[in-house]
Amino acid sequence: MSVRRILTVDADLATLKKKSQPVVAVDDDLRALMDDMLETMYAAPGIGLAAIQVGEPKRVIVMDLARGEEPKAPRFFVNPEIVWASEETGVYEEGCLSVPEIYDEVERPAKVRLRSLDYHGRLVEEDAEALFAVCIQHEIDHLNGVLFIDHLSRLKRQRAVSKVKKAAKTEAEAL
Ligand code: K1U
Ligand code: ZN
């Protein structure tokens, strides 16, 4: 397993805007990618990660919503599909490892029903609410080339990208 570089909007916007392709087989190669993604997500740290964020345009997501001292609870979603979304919406202050240090409120359906394959390629259908619903919708957006800042006004989006670019430049100059 290895920690991979997480792509960010300052340098990798074109890749992050790509639509990811469905996975054909859940095999050992895919499980190796999922293991790397999980390690990368834990190292960041984050609570979710889409494969495109490590440069792999595949419809794969990892997630762990365990808090603090709770035992690790990794989850894997291959070819995830939202098959139902509630009319009721909720607002959550989201962040993104590809848009570091930027947080803003996004409104999304409060509950969704999700169909996906798991780590072993088994079909799973489950309901998601609260942070699980927020996170899975954020990650499925990544698979479609959509970032959480795309849900904000153009001005807020431009400011967010400028801030990330400025921070990256400052960091590079300090090296
Ligand atoms: O997709 C990503 O870049 C991961 C992102 C997931 C996410 C967070 C919040 C709302 C929706 C989706 C993150 O993990 S940002 C970091 C974060 O939320 C966090 C980091 C450490 C501890 C707790 C949370
Ligand atoms: Zn994200």
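Shown above is the structure to which this text applies.
Let us look at the structure shown here. No experiment lies behind these values; they were computed from the predicted model shown.

The rules behind these values
- Residues numbered from 1 in each chain as written.
- Chains lettered and ligands numbered in written order.
- Predicted model: local features only at pLDDT ≥ 70, side-chain atom pairs only at ≥ 80, totals over all residues.
- Heavy atoms only, no water.
- Pairing = 2+ DSSP bridges.
- Helix = DSSP H or I, 4+ residues; strand = E, 2+ residues; numbered from the N terminus.
- Axes fitted to C-alpha atoms, helices over the stretch in contact; angles between N-to-C directions.
- Contact = heavy atoms within 4.5 Å.
- Phe/Tyr/Trp six-rings, centres within 6.5 Å; stacked < 30°, edge-to-face > 60°.
- Buried < 20%, exposed > 50% of the residue type's maximum accessible area, 1.4 Å probe, protein only.
- Lys NZ or Arg CZ within 6 Å of the ring centre and 35° of its normal.
- Salt bridge = Lys/Arg side-chain N within 4 Å of Asp/Glu carboxyl O.

## Some thoughts on the sheet that holds strand β7 (residues 123-129)
Strand order in the open sheet made by the five strands is β1-β2-β3-β6-β7, with antiparallel pairing throughout. Of all strands in the sheet, those with a lone pairing partner are β1 (48-50) and β7, marking the two edges. Direction aside, neighbouring strands of the sheet carry axes that sit 40 degrees apart on average. Bridging between strand β6 (residues 111-117) and β7 involves seven bridges; their strand directions are antiparallel. Across the sheet, the residue bridging to R115 is E125, located in β7. Contacts between helix α2 (residues 28-43) and the sheet are confined to β1, β2 (60-63) and β3 (75-85), with β2 contributing the most and set at about 40 degrees to the helix.

## Observations concerning the packing of aromatic side chains
Following the criterion strictly, the structure yields two aromatic pairs and no others. Judged by centre distance (6.0 Å) and plane angle (35 degrees), the ring pair of F77 and F132 falls under tilted. Placement of the pair is F77 in strand β3 and F132 in helix α3 (residues 130-143), with a sequence separation of 55 residues. F132 sits in the buried class, given a relative accessible area of 10%. Across the ring face of Y42, the terminal group of K72 is positioned such that the distance to the ring centre comes to 4.7 Å. Positioned over the ring face of F132 is R75, at 4.2 Å from the centre of the ring.

## Describing the pattern of salt bridges
Under the criterion given, the structure shown has 14 salt bridges. One salt bridge in this structure joins E129 and K111, with 3.9 Å as the shortest N-O distance. Remark: K111 occurs in strand β6 and E129 occurs in strand β7; sequence separation between them is 18 residues. Looking at E129, the relative accessible area reads 48%, which means it is partly exposed. The class for K111 is partly exposed, based on a relative accessible area of 35%. With a closest N to O distance of 2.6 Å, D127 and R113 form a salt bridge. Taken as a pair, D127 in strand β7 and R113 in strand β6 lie far apart in primary sequence, 14 residues in all.

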